[in-house]
Amino acid sequence: MNWFDRDLREKTGIDGIIARLELQSALGSNLCRRLHPTSDTAKLACEYDNTEKCLPIVRNKSRYSEFAEILKQFKDIGGTFKRCEKRLTLDECELFEIKNFAILTEKLRKMPKPKLAGTAFSDLSGVVSMLDPNGEGTASFYIYDAYSPALSEIRLKKADIERKFYSADVTGRKSLSEKRAAVSEAEKREELKVRERLTDRLSVYCQKFSKTAESAARLDLSLAKAKMAADYNMCRPALCGEHCVKIKNGIHPAVKESVEKRGGRFFPVTIECRKGVTIITGANMGGKTVALGVIALNSLMACMGFFAFAQSFSFCPPDFISFLSDTQGAFENGLSTFGADVTKLKTVLEKMKNGTGLVLIDEFARGTNPAEGSGLVKALAKYLNARGSVSVLTTHYDGVSVFAGAHYQVRGLKSADFEVPDFQSGSGCAALIAEKMDYTLEKTDCHDVPRDALRICSLFGIDKELILSAYEFLKAKEESPDGEQTEP
Amino acid sequence: MKEDFLEQFKKELLGCRAVAITGSYKNVGKTTTLNFIIRLLSGSEIGITSVGRDGEQIDAITKTSKPRIYIGGGAVVATAKSCLLESDASFEILDMSGIGTPVGEIVIAKSKSPGFVELAGPSISQQLTAVCKKMCYYGAAPVLIDGALSRKTFALPETADACVYCTGGALSCNVGTLIKKTLHELALLSVKEADAKTAALFDMTMNEASVAFCYSDRIEKSSAKTSIGAEKEVVGRWTDDLQAVFIKGALTDRFISGIMDSRVNVKKVRFVAEDGTKLLLTEPVFRRFILSGGRLFVRKGIRIIGVSVNPVSPDGGRLDFETFKSVLEKDTQIPIFNAKNLWPDVIE
């Protein structure tokens, strides 16, 4: 998935969200690292099913900790399995690890659990008894005497020599030392033969070992996804036939936490975006970028088989997701902000020729002169609206929504009613604005953008003369013949 | 006499959770001492590990032949995988610790028969504590920790509750010189533990500071990251109501000398360091401090249960052990012994 790049990961913050998964085993973590988005609806439905099946477990504290305890102990011994398959003689430590793997598998297999797609826990009791020939039931491993009568005999001989050692004199010791060295050699040779035989017998189980490890990983990941779903009140994504993204009360957990930490209030995002263009307009500091972020994160999560952070979420998995906003690194590449925007847009338009995607563009052409910028954004909206991808654009410019399929406005300060107090410092204003700002998205048929900028300026205590002058200019522009009016 | 000492020493060892074998220098007989203790405790289920790697066949630096560790059956050993598998003892694998070393993952295993083994344990303090805990869990009592040279700080006192201090001709063959050096080292390691109230204050305060000042009604933390160079601040804060100075990390000559030179009345204030291994003080400076009435304590004391002496020096010299012992005994209660004398048939 070459569209699932570092830029998208950073913009959506998905890595931070995935890091919150409570995975128990290295197997689960490794599987998680290999996760990538897909547009295969059958695969996604499977993943959602697996997560849903695990919900009852995570909601039951004692059942959940039972699973967690066992999964925690699974080690990633894929290297040992490969060696075994190739019949490369395993050493005592590797045999110990296989024994423990088999013991854990047997424990897990016998536990009542949901049948998850893609998992199969094989019967490894044969392996356990092979590596526990005396039936001791311990997890430790030793090259037991029971494996070879010859070995048993050699060891008795060795113990005999060792007993004589302490009572012998210096010359006696020397010859006993030599005898002991010879017997030790013989012991090592016989132990090797035993290990070769065991490796041989274990090699037939290798496919089962790998499948079991994969199953344990899947179980771990599904439980972790379910736990996250329960902890954050997530919803199962509904799969649509037609291209769209519909979110009801969606959030971005990291942004929400950050806002609440500052004492603010996070407004969940409710929006319906269909094929073509949806426009979002709103005042500065009005949360438009956050709205795009919520759509991007949840769409990406759903493409990766996760539930969504929303009350409800429906979509058709896109072929790609592109999120163009606040282009970082622009200056390092010798490009202006606008230059970087254009470069990225070119890539997106190319992608659109070969697939249907989800395209999120935040304030395109904000850095250029308003006349050209406005024209460009209108043209972009018109172009994208005629295409099959789902595009969501935020903008400052008036009249763009004429070319779009739908227009949402951030409610902003318009319904807020308050006196403009006599603020000396800016930070008091920022707090007041944050308090009064309503970030709810409202669908509208109007094609104008909200005009809160001047109000915000006056709240910040900017010189009254400047504000009044600005109002004059605004009034004049609206009344003049080449003022920006809605075009037919 | 010899039997009494062995009996007493054995009892002492069995009463410990973990014993560190530390040395003042290379070739002072740490490994021989370890082998001797292993032999002494045969029949008990002991644990053995090391700080870092030791017990190699030829000392990598001095090229003298180093004795290897000889263990009996039923010993719980924590060492790197390759060392374990090369040993001529056979082992029952108990645990793969997940702790890596340059020579492989550390395995905890129980010997099923006697044999020679090379020890390569963890070299990071927290890992060592974790490994010792696991060994205790598998029944090892006590755990013997072979400390590598100049890393005596690692095992003590977080992990080990007692220590056997090794010294010998390698440090000096002159009885007088060695006595002086040994007594000084022992004095530093045996500095008394602070009382419970002071210890609690130390724990509470020193999480966030390296130097702190206890007055009669408050504690003030210094912004200094180490005591090195902080002596000026100490002198500056020396008021009538200063009761104690807490120091985390190394306590150096410069620090103590700096305070002594300012002519403050050191009798009035208690100095509390973390433990004996942090006292990097030379004999003259320490003596001057104590003679002036200076009071030094540590948060955690170290119990030295024996001094092991290797009279032989790598360059062929020999220390007069009997004289050394009789002179040293006048100034310390800690038992002094020569492992090879007591048990010439220690297998190496």
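In this convention, every chain numbers its residues from 1, walking through the sequence in written order. To label them, take the chains in the order written and letter them from A, then take the ligands in the order written and number them from 1. Reporting in this predicted model follows two pLDDT cut-offs: at least 70 for local features of residues, and 80 or more for side-chain atom pairs to be given and counted; totals over whole chains, interfaces and linings ignore these cut-offs and use all residues. The basis for every side-chain value is the complete set of heavy atoms in the structure, and neither hydrogens nor water enter the calculation.

### Quick look at the packing of aromatic side chains
Put simply, two rings from Phe, Tyr or Trp (the six-membered ring, in Trp's case) pair if the centres are within 6.5 Å, and we call them stacked under 30 degrees between planes, edge-to-face over 60, tilted for the rest. Scanning the entire structure with this criterion turns up 23 aromatic pairs over all chains. When the ring of Phe101(A) is compared with that of Phe209(A), the centres are 6.1 Å apart and the planes differ by 90°; the resulting orientation is edge-to-face. Here Phe101(A) is found in helix α7 (residues 92-110), whereas its partner Phe209(A) is found in helix α11 (residues 206-231), with 108 residues between them in sequence. Across the pair, exposure class does not vary: Phe101(A) and Phe209(A) are buried alike. Relative to Tyr144(A), the ring of Phe141(A) lies with its centre 5.8 Å away and its plane at 90°, an arrangement referred to as edge-to-face. Each residue gets one of three labels from its accessible area relative to the maximum for its type: buried under 20%, exposed over 50%, partly exposed in between, using a 1.4 Å probe on protein chains only. Since its relative accessible area comes to 0%, Phe141(A) is described here as buried. Given the relative accessible area of 3%, Tyr144(A) is considered buried. Linked through ring pairs, Phe74(A), Phe81(A), Phe101(A), Tyr205(A) and Phe209(A) together constitute an aromatic cluster. For the cation-ring pair, Lys225(A) lies above Phe306(A), with the distance from its terminal atom to the ring centre recorded as 4.9 Å. Placement of a positive charge over a ring is assigned whenever Lys NZ or Arg CZ falls within 6 Å of the ring centre and within 35 degrees of the normal to the ring plane. Geometry around Tyr142(A) places Lys112(B) over its ring, the cationic atom sitting 4.8 Å from the centre. Helix and strand definitions follow DSSP, with helices as H or I runs of at least four residues and strands as E runs of at least two, each counted in order from the N terminus.

### Topic: the sheet that holds strand β2 (residues 244-250) of chain A
Residue and element names in this part refer to chain A. Pairing in this open sheet of four strands is mixed, and the strands run β1-β5-β2-β3 from one edge to the other. Bordering the open sheet on either side are β1 (238-239) and β3 (269-274), each of which pairs with just one other strand. Relative to strand β5 (residues 312-315), β2 runs antiparallel, the two being bridged by four bridges. Paired with Ile247 across the bridge in β5 is Phe313. Any two strands with at least two DSSP bridges between them are considered paired.

### Observations concerning the packing of helix α6 (residues 175-189) of chain B against helix α11 (residues 321-329) of chain B
Residues and elements named next belong to chain B. Under this scheme, a helix contributes an axis fitted over its contacting stretch, all axes are lines through C-alpha atoms, and angles between N-to-C directions fall in the 0 to 180 degree range. Across the interface, α6 lies against α11 with an axial gap of 10 Å and an inter-helix angle of 40°. When the axes of α6 and α11 are compared, the pair comes out oblique. By crossing handedness, the relation of α6 to α11 is classed as right-handed. For the pair formed by α6 and α11, the contact residues are Val175, Leu178, Ile179, Thr182 and Leu183 on the first element and Thr323, Phe324, Val327 and Leu328 on the second. We call Asp, Glu, Lys and Arg charged. Ala, Val, Leu, Ile, Met, Phe, Trp, Tyr, Cys and Pro are nonpolar, and the rest, Gly among them, are polar. Classifying every residue of the contact of α6 with α11 by side-chain character gives seven nonpolar, two polar and no charged. Roughly parallel refers to an angle under 35 degrees, roughly antiparallel to one over 145, roughly perpendicular to one between 65 and 115, and oblique to any angle outside these ranges. Working rule for handedness: look at the near helix, and if it is turned counterclockwise from the far one by less than a right angle, call the crossing left-handed; if clockwise, right-handed. By definition in these notes, contact holds between two residues if any of their heavy atoms fall within 4.5 Å.

### A word on the pairing of strand β14 (residues 242-247) of chain B
Residue and element names in this part refer to chain B. Counting buried residues along β14, five of its six residues qualify, which places the element largely inside the surrounding structure. Note that strand β12 (residues 211-215) and β14 share five bridges and pair antiparallel. From the neighbouring strand, Cys214 faces β14, where its bridge partner is Ala244. As paired elements, β14 and strand β16 (residues 270-275) share three bridges and run parallel to each other. Across the sheet, the residue bridging to Phe246 is Val272, located in β16.

### Remarks on helix α4 (residues 41-58) of chain A
Residue and element names in this part refer to chain A. Taking 1.5 Å per residue, 18 residues should reach 26 Å; α4 reaches 25 Å between its end C-alpha atoms and fits that length. Among the residues making up α4, those that are buried are Leu44, Tyr48, Asn50, Thr51, Cys54, Leu55, Ile57 and Val58. Seen along its axis, α4 keeps its buried residues to an arc of 160°; they face one direction. On its buried face, α4 is in contact with α5 (61-72), α11, β1, α13 (288-303) and β5. Pairs of N or O atoms within 3.5 Å make up the polar contacts considered here, provided that, within protein, one atom can donate a hydrogen while the other can accept it, and that residues adjacent in sequence are counted only when both atoms are side-chain atoms. Measuring from the backbone nitrogen of Ala42 back to the side-chain oxygen at the start of α4 gives 3.0 Å, which picks out Asp40 as the cap. Here the expected length of a helix is defined as 1.5 Å per residue gap, with one fewer gap than residues. Starting at the helix axis, one direction is taken to each C-beta atom, and the arc is that of these directions.

### What to know about the interface of chain A and chain B
In many reports, interface size means the accessible area that the parts give up when they come together. Chain A puts 21 residues into the contact, and the matching count from chain B is 24 residues. Interface area for chain A against chain B, summed over the two sides, is near 1800 Å², with a carbon-plus-sulfur share of 54%. When two parts are brought into contact, each loses some accessible area as probed by a 1.4 Å sphere; the total of that loss over both is the buried area. By the criterion of area lost to chain B, the three top residues of chain A are Cys93(A), Tyr142(A) and Tyr166(A), representing 30% of everything that side buries. Counted as salt bridges are all cases of a side-chain nitrogen of Lys or Arg within 4 Å of a carboxyl oxygen of Asp or Glu. Inspection of the chain A/chain B interface yields two salt bridges. Arg180(A) is the salt-bridge partner of Asp88(B), the closest N and O atoms lying 3.0 Å from each other. Counting across the interface, chain A meets chain B through 10 residue pairs in polar contact (both at pLDDT 80 or more).

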